Amino acid sequence: MDFSIDGKKVKAKKGEKILWAALDAGIEIPHLCAIREAENAWGACRLCFVEIEGRGVVTSCTEPVGEGMMVHTDTERVQRLRKRAMELILADHPMECKTCPKRGDCELLKWMKFLKVKVPKNLRPFPKERLEPDESHPLFVLDPNKCILCGKCIWVCKEKIRADVLDFAYRGYNMRISTFLGKPIAQSPCIGCGECVKVCPVGALYFKDKEEIKEV
């Protein structure tokens, strides 16, 4: 497929999503939930908006490339939607960057700077229950308070490792990552591969000691 992104000619195989074609071409598009190996994109973070001439705004992680397509990543509409999506994430995310285990490696902070978005003061978060981090596993910690519900840990646990330990629980604003029946991870079938921790873009999953990473 031959098409263009921001006026740059790009080639990609049929069916490839715009996001991956852009990144392969060296064109940066913010994203937090996309996994290239995943058959179906989750499309949760809404940061990867792009605009297609004649089509309008779409999420680039879900939209396949098309012959002759003209994609723009930096239009006013795209910027406005991306910034609002980032603000909505930040409104409920505890900004404990100075003490966060993912400090220096946080993708949320990376894209926040990329989009030049600050923590919104006009968007008050809904009342939210403060949950105790699950420190039961000897290798890693699950802190649901910092989870942005990107779903990466669930995908890798289910589809790549086939361990099926984590899943979404509850609905709406109460949705969170959880084990079956909310049991501590140490009481789950977790094999300690650490793949869920590696794909977590924020500090919701982090190793107690990075040297203890067990390779599958």
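Residues numbered from 1 in each chain as written. Predicted model: local features only at pLDDT ≥ 70, side-chain atom pairs only at ≥ 80, totals over all residues. Heavy atoms only, no water.

Peer 1: Account for the pairing of strand β1 (residues 2–5), with residues named and values stated.
Peer 2: As paired elements, β1 and strand β2 (residues 8–11) share four bridges and run antiparallel to each other. Bridge pairing links F3 to V10 in β2. Count of turn residues in the β1/β2 antiparallel hairpin: two residues, of which D6 carries a positive phi of about 55°. Two strands pair when backbone bridges link them, and β1 and strand β5 (residues 70–72) are joined in this way by two bridges, in the parallel orientation. The residue of β5 that forms the bridge with I5 is V71. (Pairing = 2+ DSSP bridges. Helix = DSSP H or I, 4+ residues; strand = E, 2+ residues; numbered from the N terminus.)

Peer 1: Lay out the sheet that holds β5 with the relevant residues and their values.
Peer 2: A sheet is described by the order of its strands in space; here five strands give the open sequence β2-β1-β5-β3-β4, paired in mixed fashion. The open sheet has two edge strands with one neighbour each: β2 and β4 (56–59). Shown here is a sheet whose adjacent strand axes are inclined to one another by a mean of 35°, direction ignored. Alignment of strand β3 (residues 49–52) against β4, held across four bridges, turns out to be antiparallel. Along β4, the bridge assignment pairs V50 with V58. Sheet contacts for helix α2 (residues 76–91): β3, β4 and β5; angle to β3, the most-contacted strand, approximately 160°. (Axes fitted to C-alpha atoms, helices over the stretch in contact; angles between N-to-C directions. Contact = heavy atoms within 4.5 Å.)

Peer 1: Give me the pairing of β3: which residues, what numbers.
Peer 2: Residues F49 and E51 of β3 are buried on one face, and the alternating residues V50 and I52, pointing to the opposite face, are buried as well. Between the end of β3 and the start of β4, which pair antiparallel, lie three residues, with G54 showing a positive phi angle near 85°. With two bridges connecting them, β3 and β5 associate as antiparallel partners. The residue of β5 that forms the bridge with E51 is H72. (Buried < 20%, exposed > 50% of the residue type's maximum accessible area, 1.4 Å probe, protein only.)

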